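Spelled out, the chains give:
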Amino acid sequence: MSRLYVARNPRVAARSLDGEMMIMSGRDSTLFTLNKTATILWQSADGTTPLDEIVEHRICQEFEVEPAEALHDAETLARELASHEIIQISEEPIPQPNPAAGESR
Amino acid sequence: MNGLLEQMTEKALKLNVPLSVQLDLTYRCNERCVHCYLDHDDHGEMTTAEIKHLLKEMADAGVFILTLSGGEIFLRKDFFELLEYARRTLMFCVKLKTNAMLIREREAARIRDLGVESVQISIYSHRPEVHDAITLVPGSLKRSLDAVRFLKSQGLRVVIANVLMTQNMQDYPAVRALAAELGVDCTLDPTITPMMDGDRSVLSLGVDQTALQQVFRDASLVGDVEEFCAISTNPDEDALENLPCSAGHTSCYVSPYGDVFPCVQFPLPTGNVRKQRFIDIWRHSDAMNDVRSIRVKDLTTCTSCSHVSSCSRCPGLAFLEGNMRGPSSQDCERSYARTGVPSANMLAKKRAGAGQNLGQTNLGRADLVQIRVLPANVETSATSATA
Ligand code: SF4
Ligand code: SF4
């Protein structure tokens, strides 16, 4: 199975408010807040770490879940975030202009 | 407000986070609008490095919505460097306020590439002879409207801001029609702000009662006129615990010199980011905490006013009149134009005036209405006035 890479979409606005990630879509200014798993995915979406590694090292560490099940859920989540243009997904690494994740504070 | 943004704002309020900041990058301007309250000379603006440092501090403090304004922001040679830093590195939701005179195709494309949320452009009239007479720059309407088209063609959200004054009052329907034709939003503002040094002479440019009444009875602007102009009921206990507005609670303003104020229209000095960290001013400034402590029940005069639960009272304008806990005459005028019922402040002034000018017989239109309700309880008079 091919690996999936995820990267934050530089067109969104993002800030963490007390650990909860606020994201404003660059497409139509819709505001989203990310739950804990989606926040971890967002923070780890550097374009170069494959999704299975993010799941193994970040998500499985945080929540006690089976890696295969967690990867399946993470892929579904990544595709949903991509459909709102919050992140980009690709089967190739995605070059990033800078490493920011909007998580100052 | 968008439901989720409202929730986030409530959360920010509880956590004492400044969710939204307006930063003026310069007071210099390439227009000379007759109503403008700014001193356009450069008295030592923050440098590029200072502004970047401040932006980082603001991101660390939790600021999410950053409005860049002026003066004219495009007069700063480092404007795009700052915008790129704010968007790409710090991921603020950036809104711009500009006269757009310096925005051509190239600038519009860069603004789009940097993912700016919206661009607000001041348009005073659809007629060049009126708009240009307000900006005092010939050809300015054409340049600003060209920019609206460039930005719109890039798919950006553009908002036309139409400030109402005596000179352009009759043009707002045509400005709104023009906005609709261009496919952009339009906001209308009948507030003229006094100069930051307290000079109130520009207020004479503000629209009069008749014009305000016309605006407040225009269903295309206010929706249900009867509801909008209804006389409010007595505030309940909860309403008296309400906060006057977001200034100092979830938002603030920073000048090009680094001075921090509760709001662009509330020039109460609270600190300077050249001397202190932004977050320390936000959290610990005595002046900011004083603003923060005010509840509707603490207001002088307003608590005895029949409009208190529906009034748009601006504490900044009240401060500019001498007391941030007091009434704001401009909002009294608005409440009066909306409902036909004079405010407690107007009645108090009338009483004071009557005491000083006994025997005066100079009755203007407003005087007649005020005299009718003078001795009675305001609420009762309001009810009988509409019966
Ligand atoms: S009411 Fe006045 S002080 Fe408050 S946010 Fe509005 S303009 Fe600023
Ligand atoms: S109308 Fe005037 S006196 Fe009444 S609440 Fe508003 S600002 Fe205060």
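Cut-offs applied
- Residues numbered from 1 in each chain as written.
- Chains lettered and ligands numbered in written order.
- Predicted model: local features only at pLDDT ≥ 70, side-chain atom pairs only at ≥ 80, totals over all residues.
- Heavy atoms only, no water.
- Pairing = 2+ DSSP bridges.
- Helix = DSSP H or I, 4+ residues; strand = E, 2+ residues; numbered from the N terminus.
- Contact = heavy atoms within 4.5 Å.
- Axes fitted to C-alpha atoms, helices over the stretch in contact; angles between N-to-C directions.
- Buried area = accessible area lost by both parts, 1.4 Å probe.
- Salt bridge = Lys/Arg side-chain N within 4 Å of Asp/Glu carboxyl O.
- Near = heavy atom within 4 Å.
- Nonpolar A, V, L, I, M, F, W, Y, C, P; charged D, E, K, R; others polar.
- Phe/Tyr/Trp six-rings, centres within 6.5 Å; stacked < 30°, edge-to-face > 60°.
- Buried < 20%, exposed > 50% of the residue type's maximum accessible area, 1.4 Å probe, protein only.
- Lys NZ or Arg CZ within 6 Å of the ring centre and 35° of its normal.
- Parallel < 35°, antiparallel > 145°, perpendicular 65-115°, else oblique.
- Left-handed = near helix turned anticlockwise from the far one by under 90°.

Caption draft 1: Representation of the sheet that holds strand 2 (residues 65-69) of chain B. All names here are of chain B. A sheet is described by the order of its strands in space; here nine strands give the open sequence 6-5-4-3-2-1-7-8-9, paired in mixed fashion. Looking at strand neighbours, the two that pair on one side only are strand 6 (185-189) and strand 9 (271-272), the edges of this open sheet. Of the strands in this sheet, strand 5 (158-163) and strand 6 are in contact with helix 7 (residues 172-182), which crosses strand 6 at around 160°.

Caption draft 2: A look at the sheet that holds strand 2 (residues 13-17) of chain A. Residues and elements named next belong to chain A. As summarised here, the arrangement of the three strands in space is 2-3-4, forming an open sheet in which the pairing is antiparallel. What marks the edges here is a single partner per strand, and that holds for strand 2 and strand 4 (31-34). The average undirected angle you get between the axes of adjacent strands in this sheet is 25°. When strand 3 (residues 20-24) meets strand 4, the two strands line up antiparallel, connected through four bridges. Within the sheet, the bridge partner assigned to Met 21 lies in strand 4 and is Leu 34.

Caption draft 3: Local environment of the interface of chain B and chain A. Opposite the 27 residues of chain B that make contact, chain A presents 23 residues. Note on chain B versus chain A: buried area summed over both sides is about 2200 Å², and carbon and sulfur give 60% of it. Taken as a group, Met 8, Phe 64 and Met 91 of chain B account for 29% of the area that chain B buries against chain A, more than any other trio of residues on that side. Applying the counting criterion to the chain B and chain A interface returns one salt bridge.

Caption draft 4: Structural view of the site of ligand 1. Near ligand 1 you find Cys 245, Ala 247, Cys 263, Gln 265, Phe 266, Cys 314, Pro 315 and Gly 316 of chain B, and these make up its full shell. Residue composition of the shell around ligand 1, grouped by class: six nonpolar, two polar and no charged.

Caption draft 5: Geometry of the packing of aromatic side chains. Summed over the entire model, instances satisfying the criterion amount to seven aromatic pairs over all chains. Between the aromatic rings of Phe 216 of chain B and Phe 228 of chain B, the centroid separation amounts to 5.5 Å while the plane-to-plane angle is 50°, which identifies the pairing as tilted. Here Phe 216 of chain B, found in helix 8 (residues 209-216), pairs with Phe 228 of chain B, found in helix 10 (residues 225-228); they are twelve residues apart in sequence, far enough to count as distant. Note on Phe 216 of chain B: relative accessible area 7%, which makes it buried. Overall, Phe 228 of chain B belongs to the partly exposed group, its relative accessible area being 30%. Both rings, one in Phe 266 of chain B and one in Phe 319 of chain B, keep their centres 5.6 Å apart while their planes meet at 45°; by these two values the pair is tilted. With a gap of 53 residues between them, Phe 266 of chain B in the loop between strand 8 (259-261) and strand 9 and Phe 319 of chain B in helix 14 (residues 315-320) connect regions that are remote in the sequence. Under the relative-accessibility criterion, Phe 266 of chain B is labelled buried at 2%. Of the residues examined, Phe 319 of chain B reaches a relative accessible area of 25% and is grouped as partly exposed. Every member of this aromatic cluster is reached through a ring pair, and the members are Phe 74, Phe 79 and Phe 80 of chain B. In this structure, Arg 8 of chain A packs its charged tip against the face of Trp 42 of chain A, placed 5.9 Å from the ring centre. For the cation-ring pair, Arg 292 of chain B lies above Trp 282 of chain B, with the distance from its terminal atom to the ring centre recorded as 4.6 Å.

Caption draft 6: A look at unusual backbone geometry. Residues and elements named next belong to chain B. Here the residue pair Gly 70 and Gly 71 is connected by a cis peptide bond, since its omega of 25° sits within 30 degrees of zero. A positive phi is found at Asn 16, a non-glycine position, where the angle reads about 60°. Along the polypeptide, Asn 16 turns up in the loop between helix 1 (3-15) and strand 1 (20-24). If you check the backbone angles, Ala 100 has positive phi at about 65° while not being a glycine. Position of Ala 100 among the secondary structure elements: in the loop between strand 3 (93-98) and helix 4 (105-113).

Caption draft 7: View of the packing of helix 2 (residues 51-62) of chain A against helix 3 (residues 67-83) of chain A. Residue and element names in this part refer to chain A. In contact at an axis separation of 10 Å, helix 2 and helix 3 are set at 115° when each is read in the N-to-C sense. The angle between helix 2 and helix 3 places the two elements in the roughly perpendicular class. The handedness of the crossing between helix 2 and helix 3 is right-handed. Contacts from Leu 51, Asp 52, Val 55, Ile 59 and Cys 60 of helix 2 reach helix 3 at Pro 67, Ala 70, Leu 71, Ala 74, Glu 75 and Ala 78. Here the contact of helix 2 with helix 3 is built from residues that sort into nine nonpolar, no polar and two charged.

Purely geometric numbers; function is a separate question.
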